[in-house]
Amino acid sequence: MSGTVIFFLVLYYLVVLGIGYWAMQRGSSKDLEGFLLGGRQVGPITTALTLQSTAMSGYMFLGAGGLGFAQGYWALWYAAGDIGSGLLNLSVIGRRMRKLSQMMGALTAIEYLEKRYPSPAIRLVAGTLTVFLLGFYVLAQLIAGGKGMALVTGISYPIALAIAVGIILAYTFMGGYLAVAYTDFFQSLVMLVGVMWILIAALSELGGLTAANNAIAEIDPTLLSVWGRGLGFEGQWGVVAGAILIFSVGVMGWPHVVTRHMAMSRPATARKAGFWATIWSLFFVPTPYIVGILAILILPGLDDPEMAIFQVAEQLLPAAVTGLVMAAIMAAIMSTADSLLLQTGSIASRDIYERFINPKASERQMVMVSRGLVLAVAVIGYAVALVEPPTVFGIVIFATSVLGSAFLPAYVCAVWWKKANTPGALASMIVGASVAFIWEYAGLVNSTQIHPMVTGVVSSTVTMIVVSLATQKSSPVPPQVLEMMNVAAEVGPIPERYLATADAGLANEAAAIGRKLDEG
Amino acid sequence: MFGLPFATTMLVFGFPLFWILYLVGFLYVSRNWDKDTAKENDAS
């Protein structure tokens, strides 16, 4: 690897760390709300870009490119829904969730669910599911980081993986939502510039898109179809529907993404953020898939399809640009991983350990539990990634299918359906997660030609409706929750009396962290 | 277009167009959302 590439890699990490440090100093740790939600002062552009970059992760540079390389234009079904994921999220639940979470005094996505559907069981089930699935999702980021680092530096995969895990852990302990949001903002811009640069270089190399498509047609015309290589997915509308749903409506069920709504500076931020999220997505989302398709011509002998984007960049770009692009890709992977690890650690310590195991846990004990879990996830992830690394695509599709299936009805109905009650939400989460998991694990996709996301979301939605309606008399939605839902639905400022109850509604563990931060 | 079959052209360009139209509709429907919190600041 050239010195220029190393220079840009190191420079990039320093800039990102500098932004993170600056954001932390700016006030993200003044109080608990500041630490967890950036003091609810995040504006529309930053909201849009942190939401998008958190949702995208290393998948876009490995999984998306690999899918384009392997299946041609069929891969664009995944981009079709993904382009609108941020807009859909912000337009459907953004404004209402921002208001409701503030009125309820909820500071995490899991705490919000427990306050909307009052029951410790909601927190236990949601927290456990989230820890497990985000831990799994982290694994994909570790593998992506290890593979990328190995290619960029030329060192062996095990050592590269260890370095990647070490850097990710260092990032993780920076902490603070505002730091994450502003580093995401910067990284999303560099990601966009980087991937567009690779696309332009690839198109220049191949003489334009039409010439490239004609050349691909000579190799295998089915790669230009909407049914994949060899028309392998022909007529499989159940799989196509899942591909569209998983990264569009499914994202409304990802706890680490919907947290972004709660941190917006005001409910109306969702409107402008929706605009910026769409602009960014229109350019960014389809590009890695298309670069992967073009790699069929540029890298005909490529062994690992998931390395398509890395290798196209290395082959076509000058060293300085390659360094910048590589750094952007690596930093995007790592910043997503640190968000996931941080969420996993905090949910495990606050929503599970202190809430159910040790209610009198000190701040020191909670930090120990959080960091212990982060380390455990990283070590387990390292071992799995080293011994038998699954594909990044496979892990991300599995984790996001189950996440979306489990939580989509719970988050959407929380603001839109007044009859959605605790038994309905609990049953919906359990059934949705179980069906998606079994569908994927048992390999039912091939025999039924239906994506697990489709069966998971349909079953969790039906369960939410049936169970909620059946238990209205025995478990009615509390009147104060209904009142807050009405206020969230109306366009207008939150009445003072609801803001006054927010502080009193803080969870014990949240208040404990607040006191600790005040002392600091 | 661009050497692609019709269905693929619709996939590549149709969905982005759908989301642009969705955005326009959303901006229209949400035009009064500023009334939510007139007193608070809106940072970048």
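Residues numbered from 1 in each chain as written. Chains lettered and ligands numbered in written order. Predicted model: local features only at pLDDT ≥ 70, side-chain atom pairs only at ≥ 80, totals over all residues.

K.L.:
Teacher, can you tell me more about the overall build of chain B here?
P.N.:
The secondary structure content of chain B amounts to one helix and zero strands. Relative to its full complement of 44 residues, chain B shows a buried share of 23%. (Helix = DSSP H or I, 4+ residues; strand = E, 2+ residues; numbered from the N terminus. Buried ≥ 20, exposed ≤ 12 C-beta atoms within 10 Å, placed from the backbone.)

K.L.:
Is there a simple way to think about the overall build of chain A in this case?
P.N.:
Each helix and strand in chain A was counted, giving 25 helices and zero strands. For 520 residues, the compact-globule estimate of 2.2 N^0.38 gives 24 Å, and the C-alpha radius of gyration of chain A, at 22 Å, lies within 12% of that figure. Taking the principal axes of the C-alpha coordinates as reference, chain A spans close to 65 × 50 × 45 Å. When burial is assessed residue by residue, chain A has 63% of its 520 residues classed as buried. When contacts within chain A are restricted to residue pairs at least 6 apart in sequence, long-range pairs at least 24 apart make up 84% of them. (Rg over C-alpha atoms; globule rule 2.2 N^0.38 Å. Contact = placed C-beta atoms within 7 Å.)

K.L.:
Explain the nonpolar core here, please?
P.N.:
Nonpolar side chains tend toward joint burial in soluble globular proteins. In this structure, L142(A) and I198(A) are the most contacted members of the largest nonpolar core, which totals 197 residues. With near-sequence residues (within four places) excluded, I198(A) lies in contact with V291(A), I309(A), V312(A), A313(A), L317(A) and V325(A). (Core = buried A, V, L, I, M, F, W, Y, C linked by C-beta atoms within 7 Å.)

K.L.:
Help me out: how do you make sense of helix 7 (residues 109-116) of chain A in this one?
P.N.:
Given 3.6 residues per helical turn, the α-helix brings residues three or four places apart onto the same face. Burial within helix 7 of chain A is extensive, with eight of its eight residues counted as buried. For helix 7 of chain A, the set of buried residues is A109(A), I110(A), E111(A), Y112(A), L113(A), E114(A), K115(A) and R116(A).

K.L.:
Can you walk me through the packing of helix 7 of chain A against helix 8 (residues 120-153) of chain A in this structure?
P.N.:
Two measures define how a pair of helices packs: the angle their axes make with one another and the distance between the axes. All names here are of chain A. In the contact formed by helix 7 and helix 8, the axes pass within 9 Å of each other and the chain directions differ by 155°. Considered as vectors, helix 7 and helix 8 are oriented roughly antiparallel to each other. For the pair helix 7 and helix 8, the sense of crossing is right-handed. Of the residues in helix 8, those touching helix 7 at I110, L113 and E114 are I122, R123, A126, G127 and T130. Taken together, the residues of the contact of helix 7 with helix 8 sort by class into four nonpolar, two polar and two charged. (Axes fitted to C-alpha atoms, helices over the stretch in contact; angles between N-to-C directions. Parallel < 35°, antiparallel > 145°, perpendicular 65-115°, else oblique. Left-handed = near helix turned anticlockwise from the far one by under 90°. Nonpolar A, V, L, I, M, F, W, Y, C, P; charged D, E, K, R; others polar.)

K.L.:
Any chance you could explain the environment of V125(A) here in plain terms?
P.N.:
All names here are of chain A. Counting through the fold element by element, V125 comes out in helix 8. On the basis of neighbour count, V125 is assigned to the partly exposed category, with 19 C-beta atoms found within 10 Å. Between the alpha carbons of V125 and A488 there is a distance of 26 Å; along the sequence they are 363 residues apart. Apart from the residues lying within four places of it in its own chain, the contact partners of V125 are L426, M429 and I430.

K.L.:
What's the story with the packing of helix 11 (residues 209-219) of chain A against helix 15 (residues 286-298) of chain A in this structure? I'm lost.
P.N.:
Residue and element names in this part refer to chain A. It is at 10 Å that the axes of helix 11 and helix 15 come closest, and there the two elements cross at 65°. When the axes of helix 11 and helix 15 are compared, the crossing they make is left-handed. Contact residues: A212, A215, I216 and I219 in helix 11; L294, I296 and L297 in helix 15.

K.L.:
So what exactly am I meant to see when it comes to the confidence of the model for chain B here?
P.N.:
Regions with low pLDDT carry predicted coordinates that are not meant to be interpreted in detail. Summary statistics for chain B give a mean pLDDT of 86 and a share of 82% for residues scoring 70 or more. Complex prediction metrics read pTM 0.85 and ipTM 0.88. (pLDDT = per-residue confidence, 0-100.)

K.L.:
How do you make sense of the interface of chain A and chain B when you look at a structure like this?
P.N.:
Accessible area lost when the parts come together is the quantity often used to give the size of an interface. On the chain B side, the residues contacting the 34 residues of chain A number 28 residues. A total of six residues in the side of chain A that touches chain B trace back to one element, the largest contributor, which is helix 14 (residues 269-284) of chain A. Considering only residue class, the side of chain A that touches chain B consists of 17 nonpolar, 14 polar and three charged.

K.L.:
How should I be thinking about the confidence of the model for chain A in this particular structure?
P.N.:
In the predicted model, chain A carries a mean pLDDT of 84, and the fraction of residues at 70 or more is 90%. Contacts of residues 503-518 of chain A to residues separated by more than four positions or lying in other chains number 24 contacts, the stretch itself having pLDDT below 50.

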